[in-house]
Amino acid sequence: MQREVGTLPLAPALRARLAAAGFQTAQELLDTGPCGLSKEIGISREEALEALQVVRQECHGHAARTAGGSGSTRKCTALELLEEEQSQGFIITFCSALDNILGGGVQLTKITEICGAPGVGKTQLCMQLAVDVQIPECFGGVAGEAVFIDTEGSFMVDRVVDIAAACVQHCHLIAEAQQEEDHRKALETFSLENILSHIYYFRCRDYTELLAQVYLLPEFLSEHSKVRLVVIDGIAFPFRHDFEDLSLRTRLLNGLAQQLIIIANDHRSAVVLTNQMTTRIGQSQSTLVPALGESWGHAATVRLIFHWDNSQRLATLYKSPSQKECTVAYLITSHGFRDVQPPAVTPSTGGTELNPRKRPRTEEEKLQ
Amino acid sequence: MDWDQFDLNPKTVAALKKADIKSVKEILNLSGADLQRLMKLPSADIQCLLKTVSHTLRRNSMLTALQLYQDKDNFPSQHQRLSLGCSLLDNLLKGGIPLVGITELAGESSAGKTQIGLQLCLCVQYPHKYGGLESGAVYICTEDVFPSKRLQQLIDQQHKLRADVPAEIIQKIRFGNSIFVEQAADLDTFQQCITRRLSLLLARGMVRLVVIDSMAALFRGEFGPAEAALRARYLQTFGAQLHSLSTRFRTPIVCINQVTDVVSESEAAQCSCRVVGSRVTPALGITWSNQLLMRLMVRRVSLPGHSPGTASHCAGSRRTLSVVFAPHLPPSFCYYTVQLEGVKGTK
């Protein structure tokens with residue numbers, strides 16, 4: 001807020017008056033208020049109000065930009081970008097096969113879209129991610145908070161409680177096995193109540209409410225700077241009825257996508273969307289494709305398609321800028337999203353280079 | 001729309017009135033550039049306008065999951081369920097039918113779907129303490145005549161089914177009075193029914209349950225294969241209207257659906273019916289499945305040999321109620337029978 005008055009985007013005449021009256025920083029302007037300002041420099045109250053709005057916008061936008069580090073004036077080399085991306089955290093899903101094909105997990109600053117038929121596990125993954133984003137850094141997480149925007153009413157808090165309890169239990173077992181001081185300290189604040197209190201839940205009943213909510217998200221994320229995940233479950237539901245004019249829908253979806261990309265970048269958070277599937281009737285057969293049309297396909301950086309193969313649930317990485325297309329199987333247990341088979345046991349002694357997220361399996365478990 | 005009630009710059013309000021913008025929805029539907037052009041204001045003002053109307057629309061809408069979990073009184077849709085009238089069936093569903101959202105009950109004919117629908121119409125009238133919602137029900141018939149004789153039988157036998165409820169409470173409830181039966185044999189009548197009659201009954205608080213028997217009958221024979229898109233539009237519109245009513249009035253909507261045969265392997269893979277060996281899938285396709293919160297299936301399975309102790313109509317068959325998908329339930333099933341007093345789960 002210490003910006004000089006001369007750098008604010010106000011009319012030159014106004015700036016001259018402000019300088020003559022002795023105002024030097026933006027903070028002084030904001031402190032004076034519209035009435036005081038209009039009296040001091042001899043402008044109408046309306047003009048003073050407008051000027052203060054501009055100042056507020058500038059300072060707010062400036063703060064957001066310095067926090068995110070992006071903006072039109074930033075330049076950097078590709079090497080810097082690579083280093084930044086490699087140090088970027090991932091939000092794990094607890095299914096290591098899925099994490100591997102994603103390159104580590106759900107990536108921050110990117111939009112990930114999950115498509116699938118009803119009942120295949122999209123909402124389950126969203127709930128799992130809303131818990132996993134909060135895992136402390138010493139356990140391999142990003143220690144963030146989550147925003148959950150629900151348009152279908154499928155958020156059942158009892159299920160989130162089960163998932164969160166299982167996650168806390170998992171971390172406790174790792175801490176017991178590895179016996180490190182920072183693990184114990186982190187676990188003091190990583191409890192069920194804590195996890196639940198950092199999932200911010202919004203219920204949007206139609207697309208107007210959803211649009212309004214997304215307009216308000218940047219401000220919310222600036223106030224809650226620890227948020228590292230924004231989930232919209234699902235993005236298709238409010239947009240698939242009520243639209244005679246499909247071009248309006250395309251325009252609104254494009255605008256939404258742009259806003260979400262900016263939010264993901266500015267606030268260093270992952271954006272996860274769930275989408276429905278629809279039937280596309282082809283020449284000789286019909287196939288299931290993600291809903292909302294072809295142009296929506298460009299909105300997400302990473303696209304996952306969940307589907308069935310008899311009674312096995314499969315996840316296919318359909319679109320990714322850096323990982324290759326791949327299909328893995330996953331399971332949904334009472335604890336949440338998991339692998340189909342337990343990951344291979346690394347025969348390590350003495351705890352060298354143990355993956356902080358995994359705990360060594362005991363004999364009883366191996367026999368199971 | 002009274003723009004003065006918003007916390008807006010008088011210049012913005014004047015521009016809104018001049019551009020003839022009448023609602024918040026119109027503002028949000030226009031892009032930033034369009035708004036600038038229409039209202040002839042700079043972009044900073046437009047951003048301020050968008051933020052202000054968004055704030056007003058979404059005031060006090062943030063909750064934490066902890067509040068949803070702990071504050072059981074203010075969020076009944078997270079903690080309360082509509083009981084099915086039998087503790088075994090309720091255990092399968094972890095309490096019963098969720099209060100908000102469309103629950104589907106699909107199955108072959110004579111599997112027991114209408115029986116469960118009728119039973120729910122009676123269960124909803126009990127007090128909250130006994131798993132009901134203390135209100136009536138609307139039963140929308142789309143093909144058959146409403147089974148009023150069977151309903152009367154069920155009413156007479158309620159004391160036998162609900163042994164957990166004291167007799168004087170059962171006697172006080174006038175079951176027949178609170179069940180509203182609607183007939184809707186085609187799409188237009190159904191549309192009228194939902195938009196007019198249903199909203200009226202729900203707004204007056206006279207009903208807290210809607211049973212639709214059945215959805216598939218409305219669409220059978222009406223749409224040829226070339227009109228798939230039109231059919232999808234109808235389904236989406238109905239789904240959205242029902243969903244909106246359910247959310248506004250916190251009323252469960254139970255849709256009874258029929259099943260069709262699975263034609264090919266790929267189709268079997270597409271549907272989410274994981275019941276092994278099942279050659280049927282719920283009708284109306286993925287368009288309808290996308291509207292549902294929860295899907296239950298009832299089947300009649302014939303077993304080799306006779307199972308003692310079950311009062312099934314034909315010897316050697318068992319009925320199962322299974323959860324196909326639900327956001328809070330694992331896929332599971334349980335057995336049940338249809339007796340004189342109603343539908344009861346069996347071990």
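Fair warning: this is a prediction, and the values are worked out from it, not measured in the lab. (Residues numbered from 1 in each chain as written. Chains lettered and ligands numbered in written order. Predicted model: local features only at pLDDT ≥ 70, side-chain atom pairs only at ≥ 80, totals over all residues. Heavy atoms only, no water.)

A. Representation of the interface of chain A and chain B within the structure. The interface of chain A with chain B comprises 56 residues on the first partner and 51 residues on the second. Between chain A and chain B lies a buried interface of about 5,100 Å² when both sides are counted; carbon and sulfur atoms form 59% of it. By the criterion of area lost to chain B, the three top residues of chain A are Pro118, Met156 and Tyr215 of chain A, representing 13% of everything that side buries. Where chain A touches chain B, the interface holds two salt bridges. The closest approach of N and O atoms between Lys11 of chain B and Glu50 of chain A, which form a salt bridge, is 3.1 Å. Broken down by element, the residue count for the side of chain A that touches chain B peaks at ten residues, all from helix 10 (residues 207-223) of chain A. Across the side of chain A that touches chain B, the residue classes tally to 26 nonpolar, 16 polar and 14 charged. In this structure, strand 5 (residues 199-203) of chain A lies alongside strand 1 (residues 63-64) of chain B, joined through two bridges in antiparallel fashion. Bridging from a neighbouring strand, Tyr200 of chain A pairs with Thr64 of chain B of strand 1 of chain B. (Contact = heavy atoms within 4.5 Å. Buried area = accessible area lost by both parts, 1.4 Å probe. Salt bridge = Lys/Arg side-chain N within 4 Å of Asp/Glu carboxyl O. Helix = DSSP H or I, 4+ residues; strand = E, 2+ residues; numbered from the N terminus. Nonpolar A, V, L, I, M, F, W, Y, C, P; charged D, E, K, R; others polar. Pairing = 2+ DSSP bridges.)

B. How the structure looks around the environment of Ser317 of chain B. All names here are of chain B. Tracing the backbone shows Ser317 in strand 12 (residues 317-325). You can call Ser317 buried: its relative accessible area is 5%. Each C-alpha atom, one on Ser317 and one on Lys17, is 70 Å from the other, the two residues being 300 residues apart in sequence. (Buried < 20%, exposed > 50% of the residue type's maximum accessible area, 1.4 Å probe, protein only.)

C. How the structure looks around the domain arrangement of chain A. Each assigned domain of chain A is listed with its residue range as follows: domain 1 (5-61) and domain 2 (82-339). Summarising the inter-unit geometry, the C-alpha centres of domain 1 of chain A and domain 2 of chain A are found 43 Å apart. (Domains from an automatic or database assignment.)

D. The arrangement of the side chain of Arg162 of chain B in detail. Residues and elements named next belong to chain B. Relative to the helices and strands, Arg162 is located in the loop between helix 10 (158-161) and helix 11 (167-172). The class for Arg162 is buried, based on a relative accessible area of 2%. A polar contact is formed between the side chain of Arg162 and the backbone oxygen of Tyr130, at a distance of 2.8 Å. Not counting chain neighbours up to four residues away, the residues in contact with Arg162 comprise Ser83, Gly85, Cys123, Tyr126, Tyr130 and Ile170. (Polar contact = N/O pair within 3.5 Å; in protein donor to acceptor, adjacent residues only side chain to side chain.)

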